[in-house]
Amino acid sequence: MAPTTEFDVAVLGGGTGGYTAAIRAAQLGQRTVVIEESRLGGVCLHIGCIPTKALLESSGLYHKLRERGAELGLRATEVGFDFERIASRRDAIVDRLWRGVQGLMRKHRIEVVQGRGCLLGDGRVQVAERVLQARAIIVATGSSPRSLPGVEPDGERIITSDHATLTRTLPASIAIIGAGAVGVEFATFYRQMGVRVTLLEALERLVPQEDADVSGALLRSFQQAGIDCRLSARVLGAHRSENGVTVELEDGRVEAEQLLVAIGRAPNTRGIGLEAAGVELDQRGFIRVDEWMRTSAPGVWAIGDAVGGFLLAHAAAHEGVTAAEDIVGRRVHPMEQELVTRCTFSSPEIASVGLTETQARERGHEVKVGRFPFLASGRALIHGETEGFVKLVADAESGQLLGAHVVGVQATELIAEPALARLFQGDAWEMGRNIHPHPTLSEALGEAALAVDGVALNV
Ligand code: NAD
C-alpha cells in the first residue's frame, strides 16, 4: 500500500456541495483534497440542474414561438427543432462549466484524487491503493434516483432522470410517476416539445411540498397545456409492452412509449465506510448532522443530499461553506432550512422560501397573507405570460415575513428578494417599501407585500 498523504481537509465527493466546501476550506488556508469517483460537478452539473435547464431553454423558446409567436407579431411559419443540436448545446454548456470547476480546483491548489473513497476511521480515507489522512473529513456523496418496486428502470423504456437528462431522442408519449420537482420539470419539457404526457402523482396535488395554492395554479396550467394529470394515483407496477410500457394503476392502466420514474432520491451513504467511522444515519439512510454539519463522529462533517433536508445544489453549497468554516473554528453561518430557496423550473416556474401558509398556522402563527396576481403586472403582460401569482405569508402580530411563494414567469429569479428579507428577519411592510424598478416582475413582490396589510396599489 502506498504511503499515507496528509491533508487538513478531505472532501468525499466533488459535486456542487463537495467542491464548494473544498474551495472554502482552501480559502481558509486548509490543505484540501477532493476525492471523486466520477466527474467534478456531480449530479447538478452533469445529469441534473444544468443539463435539464439547457433542455428547458430550448423547449420553452420552441413552444413560445409556436404557440405565442403570432400574438407577439412574429411570423415563424416553419418553427421546428433539431434534437441533436439541442443535445449538443446542452453537452457543450456542461462541458464548459466542468472545465471551469477543474480550473477552480487548480486556482485554489486543491488536490483532486480520482476514485471511490472509503472511510477507515480516525481521519483516514482509502482510495484504491492510497490512504489519505485528514484532520477533518467532509462527506458529500450525494444521492441517486429512488426506485419503485415493480417498476425497474432499464434505461430504455423505463427510465430515471439520469437517462431523461442525457437523452438524444424523444418519445411520442411518456408517462411520469411522481409530480415533485423532477416530474413537473420533465412534464414541462416533454409537453413543450410536443410529446403526449401523463403525470401520475400518489398524493392529491402536484408539487405536494409547495403551498397548496401553488399546486392548484400549476394543475390549472398543466391541464391547459394538455398534460394529463392523474392525482391520487396508485401505481401497482409497470412492464414493457410491444410499443412501449404499460403502467398498471389501481383503477386502470396507462400506455406510453416511455415511463419516467421520478419518485424522489435516496442518499449515497452505503459502502463508503460510514459505519467504520462511527457516523450515524437516520432511518432513511441520511447522515445525521447538527446545524454546523457535524456528524456523530468527531472529525467528520457531512453536507448536501447525503444529509437530507432540501436536496438542492445551492443548499449543498451553503452547507459546504458552513462545514468548512466550522472546521477552522469560524461559527458564522449555521444551516437554517427555512432560509433555503426552492426552485422548480416548470412552466409556469415555482419558487418558494420559508413556511407555507399551512405550515405557518401549524406552528401556531396567526397569519396575514398578501397576494398579487401576475395578471395585474404590466411586465407579465409584456412577456405574454400572466398566469400565477406572488403569495406572501406574514405573522399577523409582528408582521414578520414567514414565507414567500411565487408561481409564474421567472419565479426562480424573483425568490432571491424575499429570501434576503427572511435572512434579515424583515417584515412584509419593509418589502412593500422597497422601491422596485418599473416595469419589472419584481413589482409583484412589492405589491404582494403591501397586500399583506391590505394596501396594495395596483390591484
Ligand atoms: P420529490 O420528492 O420532490 O417528488 C417525488 C414525488 O413523487 C412526490 O410528489 C411523491 O408524492 C411522488 N411519489 C412518490 N411515490 C410515488 C408513487 N409510487 N406513485 C406516484 N407518485 C409517487 O422527488 P423528485 O421530484 O424525484 O426530486 C428529487 C429531489 O431532487 C427532490 O428533493 C427535489 O427537490 C430535487 N430536485 C430539485 C430540482 C429543482 O430544484 N429545480 C429539480 C429536480 C430535482
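Residues numbered from 1 in each chain as written. Predicted model: local features only at pLDDT ≥ 70, side-chain atom pairs only at ≥ 80, totals over all residues. Heavy atoms only, no water.

(A) Fine view of the overall build of the protein chain. Secondary structure summary: the protein chain contains 14 helices and 22 strands in total. For a compact globule of 459 residues, the expected C-alpha radius of gyration is about 23 Å, and the protein chain comes in at 23 Å, within 12% of that figure. Put simply, the protein chain has 459 residues, and 52% of those count as buried. Long-range pairs, those at least 24 residues apart, make up 63% of the contacts in the protein chain with a sequence separation of at least 6. On the protein chain, the mean spot of the 47 positive side-chain charges and the mean spot of the 58 negative ones are 4 Å from each other. (Helix = DSSP H or I, 4+ residues; strand = E, 2+ residues; numbered from the N terminus. Rg over C-alpha atoms; globule rule 2.2 N^0.38 Å. Buried < 20%, exposed > 50% of the residue type's maximum accessible area, 1.4 Å probe, protein only. Contact = heavy atoms within 4.5 Å. Lys, Arg positive; Asp, Glu negative; His and termini not counted. Charge placed at Lys NZ, Arg CZ, Asp CG, Glu CD.)

(B) A nonpolar patch on the surface, seen in detail. Taken together, Leu 420, Leu 423 and Phe 424 make up a surface patch of nonpolar side chains, about 340 Å² in accessible area. Secondary-structure assignment places Leu 423 in helix α12 (residues 416–423). (Patch = residues over 30% accessible without salt bridge, like charges linked within 9 Å, V, L, I, M, F, W, Y side chains within 5 Å. Areas by Shrake-Rupley, 256 points an atom, 1.4 Å probe, with all protein chains shown as cover. Salt bridge = Lys/Arg side-chain N within 4 Å of Asp/Glu carboxyl O.)

(C) Region of the structure containing the nonpolar core. Residues Ile 35, Leu 119, Val 125, Ile 138, Val 139, Leu 274 and Ile 287 are the most contacted members of the largest nonpolar core, which totals 51 residues. Broken down by secondary-structure element, the contributors of at least two residues to this core are β1 (5–12), α1 (16–27), β2 (32–36), α4 (83–107), β5 (124–127), β6 (130–139), β17 (300–302) and α8 (313–327). Membership of the second largest hydrophobic core comes to 33 residues, among which are Ala 164, Phe 186, Val 197 and Leu 218. (Core = buried A, V, L, I, M, F, W, Y, C linked by side-chain atoms within 4.5 Å.)

(D) Here's a closer look at the packing of helix α3 (residues 49–68) against helix α6 (residues 181–192). For the pair α3 and α6, interaxial distance at closest approach is 8 Å and the crossing angle is 45°. Here α6 runs oblique to α3, going by the angle between their axes. Once α3 is placed against α6, the crossing between them reads as left-handed. Two secondary-structure elements touch here, α3 through Thr 52, Lys 53, Leu 55, Leu 56, Ser 59, Gly 60, Tyr 62, His 63 and Arg 66 and α6 through Glu 185, Phe 186, Thr 188, Phe 189 and Gln 192. A breakdown of the residues in the contact of α3 with α6 according to their chemical character gives 5 nonpolar, 6 polar and 3 charged. (Axes fitted to C-alpha atoms, helices over the stretch in contact; angles between N-to-C directions. Parallel < 35°, antiparallel > 145°, perpendicular 65-115°, else oblique. Left-handed = near helix turned anticlockwise from the far one by under 90°. Nonpolar A, V, L, I, M, F, W, Y, C, P; charged D, E, K, R; others polar.)

(E) Main features of the environment of Asp 427. Tracing the backbone shows Asp 427 in the loop between α12 and α13 (428–433). Under the relative-accessibility criterion, Asp 427 is labelled buried at 18%. With 26 residues separating them along the chain, Asp 427 and Leu 401 place their C-alpha atoms 5.1 Å apart.

(F) Just the environment of Glu 257, in detail. Among the secondary structure elements, Glu 257 is positioned in the loop between β14 (252–256) and β15 (258–261). For Glu 257, a relative accessible area of 29% corresponds to the partly exposed category. Sequence separation between Glu 257 and Val 245 is 12 residues; the distance between their C-alpha atoms is 5.9 Å. Ignoring anything within four residues of it in the chain, the contact list for Glu 257 reads Arg 157, Pro 171, Ala 172, Ser 173, Asn 243, Gly 244 and Val 245. In this structure the side chain of Glu 257 is engaged in a polar contact, spanning 2.9 Å, whose partner is the backbone nitrogen of Ala 172. (Polar contact = N/O pair within 3.5 Å; in protein donor to acceptor, adjacent residues only side chain to side chain.)

(G) Structural context of the domain arrangement of the protein chain. Examined at the domain level, the protein chain breaks down into domain 1 (5–145 + 266–337), domain 2 (158–263) and domain 3 (348–452). For domain 1 and domain 2, the distance between their C-alpha centres works out to 27 Å. Opposite the 23 residues of domain 1 that make contact, domain 2 presents 17 residues. Buried area between domain 1 and domain 2, both sides added, is near 1700 Å², and the carbon and sulfur share of it is 62%. Seen at the junction of domain 1 and domain 2, the total is 3 salt bridges. Asp 91 is the salt-bridge partner of Arg 168, the closest N and O atoms lying 2.8 Å from each other. Connecting domain 1 to domain 2 are 8 residue pairs in polar contact (both at pLDDT 80 or more). At the level of secondary structure, the elements contributing two or more residues to the side of domain 1 that touches domain 2 comprise α2 (42–47), α3 and α4. Sort the elements by how many residues they give to the side of domain 1 that touches domain 2 and α3 lands first, with 10 residues. (Domains from an automatic or database assignment. Buried area = accessible area lost by both parts, 1.4 Å probe.)

(H) Focus on the site of the ligand. Close to the ligand lie 22 residues; Val 182, Glu 185, Glu 201, Gly 264 and Cys 343 are nearest. Contact distances for the ligand include 2.6 Å between an oxygen atom and a side-chain N or O atom of Glu 201. Taking 830 Å² as the accessible area of the ligand by itself, protein coverage stands at 78%. Of all the elements in the fold, those that place two or more residues in the shell around the ligand are α6 and β18 (342–344). Among the elements that make up the shell around the ligand, the one with the highest residue count is α6 (3 residues). Looking at the shell around the ligand residue by residue, the classes come out as 15 nonpolar, 4 polar and 3 charged. (Near = heavy atom within 4 Å.)

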